[in-house]
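Residue strings, one per chain:
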Amino acid sequence: MIEIGNITLYREKSIVYRFMETIDDDEGRREEPVMELRSNRITIPVKTKLSTIWVVVRGQNIQGTMRMTAGALDEIRRDANVLIDGGNVDWHGTWMRRVPKYERDYNQANWASVHIAGQEVFTSREDNAAIRELETLAVGVEVTDDMVSETASNVLGALDDYVVEHDSQTSFTLSPGPQYHRASILERHDRKTGAFSMSIYHPTPQNQVRLAYFMNFCADILETTTHKSFLDRVAEMAADGSLQKTTITPAQVQSARLRRRELIGGIEEFEKANKLMYRPERPNFG
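Throughout, a residue's number is its position along its own chain's written sequence, starting from 1. Totals for whole chains, interfaces and linings use every residue, but because this is a predicted model, local features are given only for residues with pLDDT of at least 70 and side-chain atom pairs only at 80 or more, for both listing and counting. Think of the side-chain values as coming from all heavy atoms in the structure, minus any hydrogens and water.

Asker: Which residues make up the nonpolar core, and what are the values?
Answerer: Think of a nonpolar core as a cluster: buried Ala, Val, Leu, Ile, Met, Phe, Trp, Tyr and Cys residues, connected wherever their side-chain atoms sit within 4.5 Å. We call a residue buried when its accessible area falls under 20% of the maximum for its residue type, exposed when it is over 50%, and partly exposed in between, using a 1.4 Å probe and counting protein chains only. Grouped together as the largest cluster of nonpolar side chains are 49 residues, with contacts concentrated most on Met 66, Trp 91, Phe 172, Met 198, Phe 214 and Phe 217. For this core, the element with the highest residue contribution is helix α6 (residues 211-240), accounting for nine residues. It only takes one pair of heavy atoms within 4.5 Å for two residues to be counted as in contact. In this structure Phe 217 touches Met 198, Ile 267, Phe 270, Glu 271, Leu 276 and Tyr 278, once residues within four positions along its chain are discounted. Ranked by size, the runner-up nonpolar core spans 14 residues in total, among them Ala 130, Leu 134, Ala 138 and Val 164. Strands here mean DSSP runs of E at least two residues long; helices mean DSSP runs of H or I at least four residues long; both are numbered from the N terminus.

Here's what the structure looks like:
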């Protein structure tokens, strides 16, 4: 029997600088960035009879990372042996089924990776060496400056003199419970910050809502608010004449509208089928 603890999503940014000597004595030494790691990181504590095994999912954007996390939760639910031998899972198929057409068309940089007990069992991109090394050091706990420094040394080789800037902010937590699951979300769009929470109540104590089911819904919520923010920004740029200076095409704008409409339809169906409560209020999807 296993138990899933609180699931947390961190937005992480780590930059490693090396000090370089300069010819100009007035400048002295300057910093040169030699490694940069940006990703969303979700940690999942899985409690077994013997210990707690940490599953970590990393990804380029929040909704993709959350959907891959839902896939990992379903795999663990189906067979707890995944925690011991995660290499036997078709992670590639799990990932591809969770990437919508809009992402495939307009976000070529999208990626995800899965790590169990510190070991990488899947990555969708060719070069994930730094993330892989960092997760072997963290093994599920919060990443520190020292871990990033050691990662840089192991991946780049020993550096004589360097510093680390590491920033980690909690953007999402999912707390499982016997009566309901609760998700707390911190939004950041267009330099604005907002927060809200959602609680989904179990039909009965014996018939509890699947965590993966709720996680996918949370991903839909966040993707919808992202599209709203994008379309609002497009409207502002169209109004002030700056849209033509960007790479945004009419086809992308239309695809974003269609994707948002599709997501809102799914959200409304989910709300009809489940007992859901928003605090302080339901987000505005536009």
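Anyway, onward from the coordinates.
Asker: Quick one: what's the story with the side chain of Thr 69, residue by residue and with numbers?
Answerer: Within the element layout of this structure, Thr 69 appears in helix α1 (residues 62-78). Classification of Thr 69 by relative accessible area gives buried; the value is 0%. For Thr 69, the residues in contact, after removing those within four places along its chain, are Ile 42, Ile 44, Val 57 and Met 215.

Asker: Now, about helix α7 (residues 250-273): what can you tell me, with residues and values included?
Answerer: For α7, built from 24 residues, the straight-helix expectation of 34 Å at 1.5 Å per residue is met to within 8% by its first-to-last C-alpha distance of 35 Å. Inspection of α7 places Gln 252, Val 253, Ala 256, Arg 259, Arg 260, Leu 263, Ile 264, Ile 267 and Phe 270 among the buried residues, and these make up the whole buried set. Each residue after the first adds 1.5 Å to the expected span of a helix.

Asker: With reference to specific residues and values, describe the pairing of strand β5 (residues 112-116).
Answerer: Along β5, five of the five residues are buried, which leaves the element largely enclosed by surrounding structure. Here β5 shows no split at all, with Ala 112, Val 114 and Ile 116 on one side and Ser 113 and His 115 on the other all buried. Pairs of strands are assigned from DSSP output, requiring at least two bridges between the strands. With five bridges joining them, strand β4 (residues 52-59) and β5 adopt antiparallel strand pairing. When the sheet's bridge partners are listed, Gly 59 is paired in β5 with Ala 112. Two elements, β5 and strand β6 (residues 119-123), share four bridges in a ladder whose sense is antiparallel. Bridge pairing in β6 links Ile 116 to Gln 119. Taken together, β5 and the strand that follows it, β6, pair antiparallel across an intervening segment of two residues, in which Ala 117 is found at a positive phi of about 55°.

Asker: Lay out helix α5 (residues 145-156) with the relevant residues and their values.
Answerer: Under the 1.5 Å per step criterion, the end-to-end length of α5 is 16 Å for 12 residues, consistent within 8% with the ideal 16 Å. Turning to α5, its buried residues are Met 147, Val 148, Ser 149, Thr 151 and Ala 152. Downstream of α5 by one or two residues, Gly 157 has phi in the positive range, about 100°.

Asker: Describe the packing of α1 against α6, with residues and values.
Answerer: Close contact between α1 and α6 brings their axes to 9 Å; oriented N to C, the two are set at 170°. In terms of orientation, α1 lies roughly antiparallel with respect to α6. In contact with Ile 62, Gln 63, Met 66, Arg 67, Thr 69, Ala 70, Leu 73 and Asp 74 of α1, α6 contributes Leu 211, Ala 212, Met 215, Asn 216, Cys 218, Ala 219, Asp 220, Leu 222, Glu 223 and Thr 226. As a working rule, the residues Ala, Val, Leu, Ile, Met, Phe, Trp, Tyr, Cys and Pro are called nonpolar, Asp, Glu, Lys and Arg charged, and the rest polar, with Gly in that last group. Of the residues in the contact of α1 with α6, the class split is 10 nonpolar, four polar and four charged. Between the N-to-C directions of two axes lies an angle of 0 to 180 degrees, each axis being a line fitted to C-alpha atoms and, for a helix, fitted only over the stretch in contact. An angle below 35 degrees is read as roughly parallel, one above 145 as roughly antiparallel, one from 65 to 115 as roughly perpendicular, and any other as oblique.

Asker: Could you give me a rundown of the packing of aromatic side chains, with the residues and numbers involved?
Answerer: Only Phe, Tyr and Trp rings are paired, with Trp represented by its six-membered ring, and only when their centres lie within 6.5 Å; those with planes under 30 degrees apart are stacked, over 60 edge-to-face, the remainder tilted. According to the stated counting rule, one finds five aromatic pairs in the structure shown. Where Tyr 180 meets Tyr 201, the ring centres are 5.0 Å apart and the plane angle is 50°; that geometry is what we call tilted. Placement of Tyr 180 in strand β8 (residues 180-189) and of Tyr 201 in strand β9 (residues 192-201) is noted, with a sequence separation of 21 residues between them. When the centroid spacing of 3.9 Å and the interplanar angle of 10° are considered together, the rings of Phe 217 and Phe 270 count as stacked.

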